[in-house]
Amino acid sequence: MFLKLINFLFKSTNKLVTDVDKRKVSLQKANELFMLGDKHAAVIAFKAYLKTDPYNIQVLNDLGACFADIGNVKDSIATFELAYSLDDNFMPVVVNHAKMLNDSRRSTEAMPLLKQAKVSDPNFSHTDAVYGDLRLKMGDLVSARYFHLRSWLANFDNLRLANCHLFTSAYADIDELQLAAEHRFWADTVRKIDIPNDFQVENNIYTHNIDQITSKKIKIGYWSSDFRSHSVRYFFRPLLEGHDQTKFEIFLYHDFPMSDVQTEHIKSAGTHFYEVCEMSDIDLFKFIKSQQLDIFVELTGHSSHNRVSLLQHRFATVQFSALGYPPTTGLCTLDAKLLDRHVMTSDSHRYYSESPLALPTSFWCFDPMEDAPIALEPPVIRNGYITFGCVGNIAKINSRILRCWRVILNQVPTSRFLIRAINFEDTVAEHALLERLINEGLDVSRVQLCKPEGGVTFFESYNEIDIILDTYPFNGGTTTCFATYMGVPVISWAGASLISRMGLSILSNLDASDLVVTDTSAYIARAISLSQDISAVQRFKREARARYKKSSLGNGKLFAHEFEQACKILLDQKQSGSLVYHHDILPLPADEIMRRAYAVLRTGQVEAVQRILSHCLQHYPDNGSAHLLSAHLLASKQQFKEAVNYLLERFHKFTSSEQIATLISVVRMYMLMSRNDHVAEIVNKLALMDITDSFDKMQVQLYRSCCAAEENQPSQPATSDVKHFHILIPCDESDRFDEMCSQIKASCFCPNEWIITYERCNESTRITAYESALMFMNFDILILIQKNISLHNPLFFIEINKALDESDMVGFAGAKCFKRIDWRSDVFQSKAAGFLVPSSEINGFVEIQCLGIDPGTLVSDMQVLDGSLLALKRSNVNIMFFDKELISAETILEEDWVHTCFQAGLRLNVHRNLGVMVDQKIELDSKYRSTGRMHFADKHGFDPFLMLKDDNMMVSAPVTNVNEAIKIMNIFLKEAA
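Residues numbered from 1 in each chain as written. Predicted model: local features only at pLDDT ≥ 70, side-chain atom pairs only at ≥ 80, totals over all residues. Heavy atoms only, no water.

**What about the confidence of the model for the chain?**
(1) Moving on: Taken as a whole, the chain shows an average pLDDT of 91; of its residues, 94% reach a score of 70 or greater.
(2) Moving on: When the criterion is pLDDT under 50, residues 1-6 qualifies, and its contacts beyond four places in sequence or with other chains add up to 0 contacts.
(3) Moving on: Scored below 50 in pLDDT, residues 200-214 makes 21 contacts in the model with residues more than four places away or belonging to other chains. (pLDDT = per-residue confidence, 0-100. Contact = heavy atoms within 4.5 Å.)

Set out below in structure tokens:
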């Protein structure tokens, strides 16, 4: 019996271990799919895992994110709500809950959560993405682009984040060449999706017997996430229902998790309709590929819920982009982009990576296919004054347009302005636009802000407007069609590519090209002149529907015929090999590409960095910064010799400033190889060069000090008066405390008459220890040291004593301004520091790190000091207040106290050669880090979303040991002084 029990327990344990292993493998697979960007496949994998672990917060969060990315809003909200109810302190869940609120136009509720997340973890990129969305809805394009780009660079292979940046850039008032360059950058650096050669679709989601298809028809497929109640349907249904299905066999691929009545209308008009949202990327590609299409048309571009990166591969003989996204996709694997003769220009190749496919009249057809009664007369007849209007996303309304509107309203003094936008469902967005209107000098008493209408009321709302003033450079598209269909004339401003020529195309097809202008003065003049020509406004309203019917813009049969003819020509050209196109989209400037490369590198995405570098060097083959980063990537794998050779081979092609940067890097690599002869040789070369950059000068001076250190020995100055130093170390581990005391005693010289005492306190109760030491203990100098610090300068105590003659408090690092929590990321010039860290490149090496342009060892006028080590004269410091809300939040407690001392008039200085070694592997107490940082931010009024530049540069040098580092710093700081 006993043996049977043992055997049973053994088998049960084995089964338990096996189940745990299976769960680990299952979760690993799900995470891999998530990281690779195949969110559809990841949904299936995460759902399978949750059957065995239903309350795993991280998995619930990631599943909710996947649902959101593929457009399954209902399940996304439900999943995030469950996760948030389980743990409302897990930052990813907090941010996604904020996203849900923001998407529901509840930004007032979302903002505190986003602030909490940003303060808690400034580098959590999803916070930036959601905040970017919020700023976009407020119409703040500068902030929206900044935060969307930050978020994308931190998760470079996340297609949704890339789309956010690209689509936000489309709204921004930037040059259209730059907009095209942004899309080219994405396309040239996107991760290549590996498609296996076999064509077996998992789970047999659909079966399509190719052998049974004997039709001679042209097989055309349409792929979209918008076969539903979405603006795309106003343009796609007329095409679909106008198709000649005796000549075309139509395949529709609906890539969205929800359907509605419009989906059913579209489904009934196509030959084959497939709901493909639940397919993985690879299965979707295989499935469509297996149907052997002649033509494949994507209708989404970089707008929401797309899988545009799959178009790196060929779905059909010909594939092109149409209807849904005005800018280029950036991809060269698409054969064409649908335009028309009005949109097409002689330099279109500078704006589209796809060959322009120009239809003879209109690039789309608009038909609401529902009742839309039009008023007999414009509202000016009943009102007695002109009502200008703008309908659409307020993100399109930039300062340039607002200045034009101000002049127009001033020149038409009785006029009114009506702005209708979905943004106004959020009152914060409404107030944001009002503030912008006031700042631009518009009389807001004459401006009416209206929420959107629905159903028939939506069409009728256009009967409240006499003249629409279009936006630029992102014209109204759907909204311009609605306006003109309802008989409202539109003043449109035409630019260089589709995004700014949609109005031109629409109005030209309606025989109203006289309403199109090409500059600011003409825009203002045309709006004023039309407002004075009431008969023209009346005439346009009376004739609008007839103009639509006689143009392919409003006649589905005409449009479909022109579209089919263009498809046939395109297919013939492709099959004959005559379809040859090379775009001339300019790349982004090299400096901007490299700025992005370094931002991506800081988050550890090395493979993505390699792609960015390849892109940069393809267009800027001699760019020294790109070659320098390539060499650093070699060095990160300890291929120092190869890195040096790589740089020196290309050195002659670099600019003078790039050559200086290159030689500085080469010195570092030689130091890591312990090639001191080569170090001296290159340092001597640098000494002869004309170096103007202050940072580079400091770096070269540090290297010169490294070469001179062998002949120098620090001397021990004479001491006189008796001093009592009390060292207080917050440290829960007594072994670590003993180790620190022994290390200090072994490394730091102490004159015989001086007294050094040591005290340990618990980390969570250190406030009591600090206050007790300051109030009751009898000593001259108090030194507070955190457990991640070790001291290596033999003259540490002597240097501290001397520094405190000129200071009330001394540290090894600090900043001269204090405008954010993470002051260490402020600009180089505002900081001062000198410390050591263990080398991350060579075991046993030590890295010297120095900050600040001030000369000499002691730097004054600090507003905050690093709380890891503080030295102070007890007699000079009588401030006892420590903020208890900041306990267990790393060193924020100490830094807040130090700043309080500064505000009280105490002198804070940084000593840059105390021999402080910071071991970042030793973690400080951070149990309440998030709470503490939030309290700290509120207390000091820090805005975590200020667009401040992060500057993490520091002068540095790798050396073989701490003693050498101390000698080098002595020489360096004396010469700098």
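**Quick notes on the pattern of salt bridges**
(1) Moving on: Applying the stated criterion to the full structure yields 49 salt bridges.
(2) Moving on: One salt bridge in this structure joins R611 and D157, with 2.9 Å as the shortest N-O distance. Of this pair, R611 sits in helix 24 (residues 606-619) while D157 sits in the loop between helix 8 (141-154) and helix 9 (159-171); the two residues are 454 residues apart in sequence, bridging distant segments of the chain.
(3) Moving on: The salt bridge partner of E733 is K787, with a shortest N-O separation of 3.3 Å. A residue pair is termed long-range when its members are at least 10 positions apart, and E733 in the loop between strand 14 (724-730) and helix 30 (734-747) and K787 in the loop between strand 16 (781-785) and strand 17 (789-791) qualify at 54 residues. (Salt bridge = Lys/Arg side-chain N within 4 Å of Asp/Glu carboxyl O. Helix = DSSP H or I, 4+ residues; strand = E, 2+ residues; numbered from the N terminus.)

**So, helix 10 (residues 176-189)**
(1) Moving on: Helix length check: helix 10, at 14 residues, gives a terminal C-alpha distance of 20 Å against a target of 20 Å (1.5 Å per residue), a fit within 8%.
(2) Moving on: Counting buried residues along helix 10, 11 of its 14 residues qualify, which places the element largely inside the surrounding structure.
(3) Moving on: Looking only at helix 10, the buried set comprises E176, L179, A180, A181, E182, H183, R184, F185, W186, A187 and T189. (Expected span 1.5 Å × (residues − 1). Buried < 20%, exposed > 50% of the residue type's maximum accessible area, 1.4 Å probe, protein only.)

**Some points on the nonpolar core**
(1) Moving on: In terms of nonpolar packing, the biggest core is built from 133 residues, with W186, Y253 and I785 touching the most fellow members.
(2) Moving on: For this core, the element with the highest residue contribution is helix 27 (residues 656-672), accounting for 9 residues.
(3) Moving on: Counting 118 residues, the second-largest nonpolar core is a separate cluster that includes A322, C365, L418 and V517. (Core = buried A, V, L, I, M, F, W, Y, C linked by side-chain atoms within 4.5 Å.)

**A look at the sheet that holds strand 12 (residues 490-493)**
(1) Moving on: Taken in spatial order, the 6 strands make up an open sheet running 10-9-8-11-12-13, and their pairing is parallel. At either end of the open sheet lies a strand with only one pairing partner, and these are strand 10 (447-450) and strand 13 (516-517).
(2) Moving on: Pairing of strand 8 (residues 387-391) with strand 11 (residues 467-469), which is carried by 2 bridges, proceeds in the parallel orientation. In the sheet register, G389 faces strand 11, and the bridge partner there is I468. (Pairing = 2+ DSSP bridges.)

**Things to note about a nonpolar patch on the surface**
(1) Moving on: A cluster of nonpolar side chains, Y55, L82 and L86, forms an exposed patch at the surface whose accessible area comes to about 300 Å².
(2) Moving on: Inspection of the secondary structure assignment puts L82 in helix 4 (residues 73-86). (Patch = residues over 30% accessible without salt bridge, like charges linked within 9 Å, V, L, I, M, F, W, Y side chains within 5 Å. Areas by Shrake-Rupley, 256 points an atom, 1.4 Å probe, with all protein chains shown as cover.)

**Considerations on the packing of helix 15 (residues 399-411) against helix 20 (residues 520-531)**
In a pair of packed helices, the angle between the axes and the distance between the axes together describe the arrangement.
(1) Moving on: The geometry of helix 15 relative to helix 20 is characterised by a closest axis approach of 10 Å and an angle of 35 degrees between their N-to-C directions. In terms of crossing hand, the pair formed by helix 15 and helix 20 is right-handed. Facing I401, C404, W405, V407, I408 and Q411 of helix 15, the residues of helix 20 in contact are T520, Y523, I524, A527 and I528.
(2) Moving on: Of the residues in the contact of helix 15 with helix 20, the class split is 9 nonpolar, 2 polar and no charged. (Axes fitted to C-alpha atoms, helices over the stretch in contact; angles between N-to-C directions. Left-handed = near helix turned anticlockwise from the far one by under 90°. Nonpolar A, V, L, I, M, F, W, Y, C, P; charged D, E, K, R; others polar.)

**Topic: the state of the cysteines**
(1) Moving on: Under the counting rule described, the total for this entry stands at 0 disulfides.
(2) Moving on: Here C707 is not disulfide-linked; the sulfur of C706 is the nearest cysteine sulfur, at 6.7 Å. (Disulfide = S-S within 2.5 Å.)

**Regarding the pairing of strand 9 (residues 416-420)**
(1) Moving on: Within strand 9, 4 of the 5 residues are buried, which leaves it mostly tucked inside the rest of the structure.
(2) Moving on: Judged from the 5 bridges that link them, strand 8 and strand 9 form a sheet pairing that is parallel. Among the inter-strand pairings, T387 is bridged to a residue of strand 9, identified as R416.
(3) Moving on: Where strand 9 and strand 10 come together, 4 bridges link them in parallel fashion. When the bridges of strand 10 are listed, F417 appears paired with V447.
(4) Moving on: For the handedness criterion, the β-α-β arrangement of strand 9, helix 16 (residues 427-439) and strand 10 is classed as right-handed. (Right-handed = clockwise from strand over helix to strand, strands pointing away.)

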